[in-house]
Amino acid sequence: MGSTDQDAATAGGTAAGSNGRPAPARLMQTVLHAMAAKTVYAAAELGLADLLGDGPLTTAELAERTGAHGPSLRRLLLALAGMGLVTQTATDRFELAESGRPLRKDAPDSIRELVRMLCGPAVWRSWDELVPSVRTGEPAWDLAHGVSWIEYYAREPEEAATFNRAMAEHTRDAAPGILAAADLSRFGTVVDVGGGDGTLLSHVLRAHPGVRGVVFDVPTGLAATATTLAEAGVAARCEVVSGDFFVSVPAGADAYLLKQILHDWDDERATAILRNVRAAVPPGGRLFVIERAVPERVTPGDPAETRDLLLDLHMLVATGGRERTEREFERLLDAAGFEQVRLTALPRLDFRVIEATPA
């Protein structure tokens, strides 16, 4: 059934690449990354990092605590050890490695919910429809589930909660860079459009005690917002407003944030969102768009570009949206009545913070 790198290399018989490995072997390694992703997902779903957080355990102890089949669990643990996420301290004893720490749900840099969301059944069923999606242009998610991702999460509250926590993890890591790139201290009120559980605005308000905020999102996105704001100690300075940004957004604030909102939508709907923000922004107000930017021309083998281009495919699969080039963002802003005044790249995060003002 399976094939090793050597098998693939022998079968292909092509010349080795610049790293000395034959092309079929390198391609096979890329394919195996999908299996690695599902292995990490299994560890996250079983909570293995949390169980190993207090010290080494045997397979039997882990099996008892997870309700798993012992021999199969040991095979999973060995694969995780090979990936460097756990360490095999004895023949049948394992401890959490430093590389596996972000799978703990209480780790300050946890990405457990991101793993559970991106590698979970709902998203992976959508990736199964990539070929029909490429052929038709329809979002793969809609083909897989029969409804859009918005409708799906509205009817699946537990999965919506996982999605919201995943987005909060991602925003937590991005917030310091965003705050460094966007001077929000000069504004009286900041609205985070599609702000979810309030993670980004919590960082803004803690950094700038004189600023007030509004988190605006659909009801499913706001399920944990009050808790997030309270835990951050900023609830008294922040209003939570439910609504639909395709209809309108709260008016009259000094600044509006759109963090990774536009990439969820095609150009027509992204422009509709921007126009509704334009209608709400007073003269002299500001819009901050925070998004990745894909290159105009691809550099083969560049890991950051490849990641962003794969994420662009993920948007086709999951939402029907897209990642865009800097020029494409300029065109969207112009069509909605905004003028770009500043663009700041965040190299570590590969985001762009685009500051715009009403034209």
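Everything numeric here is computed off the predicted structure, so don't read it as measured data.

What counts as what
- Residues numbered from 1 in each chain as written.
- Predicted model: local features only at pLDDT ≥ 70, side-chain atom pairs only at ≥ 80, totals over all residues.
- Heavy atoms only, no water.
- Salt bridge = Lys/Arg side-chain N within 4 Å of Asp/Glu carboxyl O.
- Helix = DSSP H or I, 4+ residues; strand = E, 2+ residues; numbered from the N terminus.
- Buried < 20%, exposed > 50% of the residue type's maximum accessible area, 1.4 Å probe, protein only.
- 1 Å grid on protein atoms, 1.4 Å probe; cavity = no way out; pocket = protein on both sides within 12 Å on 5 of 7 lines; lining within 4 Å.
- Points joined across faces, edges and corners; volume = space filled by probe spheres on them.
- Nonpolar A, V, L, I, M, F, W, Y, C, P; charged D, E, K, R; others polar.

Caption draft 1: Just the pattern of salt bridges, in detail. Enumeration over the complete set of coordinates arrives at 22 salt bridges. A salt bridge links Glu296 to Arg327; its shortest N-O distance comes to 3.9 Å. Note that Glu296 is positioned in the loop between strand E8 (286-292) and helix H15 (303-318) and Arg327 in helix H16 (residues 326-335), a separation of 31 residues in sequence. The class for Arg327 is exposed, based on a relative accessible area of 55%. We note a salt bridge from Arg342 to Glu355, for which the minimum N-O separation is 2.4 Å. Residue Arg342 is located in strand E9 (residues 338-346), and its partner Glu355 is located in strand E10 (residues 351-358); the two are separated by 13 residues in the primary sequence. The buried category is assigned to Glu355, whose relative accessible area is 4%. Counted as one network, the salt bridges with shared partners bring together Glu45, Asp50, Arg112, Glu113, Arg116 and Arg165.

Caption draft 2: Quick look at the layout of surface pockets. Volume-wise, the second largest pocket comes out at about 530 Å³. Lining the second largest pocket are 21 residues, and of these Ala168, Asp197, Thr199, Thr228 and Glu231 sit closest to its centre. Mapped by element, the contributors of at least two residues to the lining of the second largest pocket are helix H11 (157-181), helix H12 (199-207) and helix H13 (225-232). Tallying contributions element by element places H11 first for the lining of the second largest pocket, with eight residues. Broken down by class, the residue content of the lining of the second largest pocket amounts to seven nonpolar, seven polar and seven charged.

Caption draft 3: Fine view of empty space enclosed by the protein. By the definition in use, this model includes one cavity of 30 Å³ or more. Space inside the largest cavity adds up to approximately 40 Å³. Along the walls of the largest cavity sit Ala43, Leu48, Ala49, Leu80, Leu85, Val86, Leu96, Gly100 and Leu103, which together make up its complete lining.

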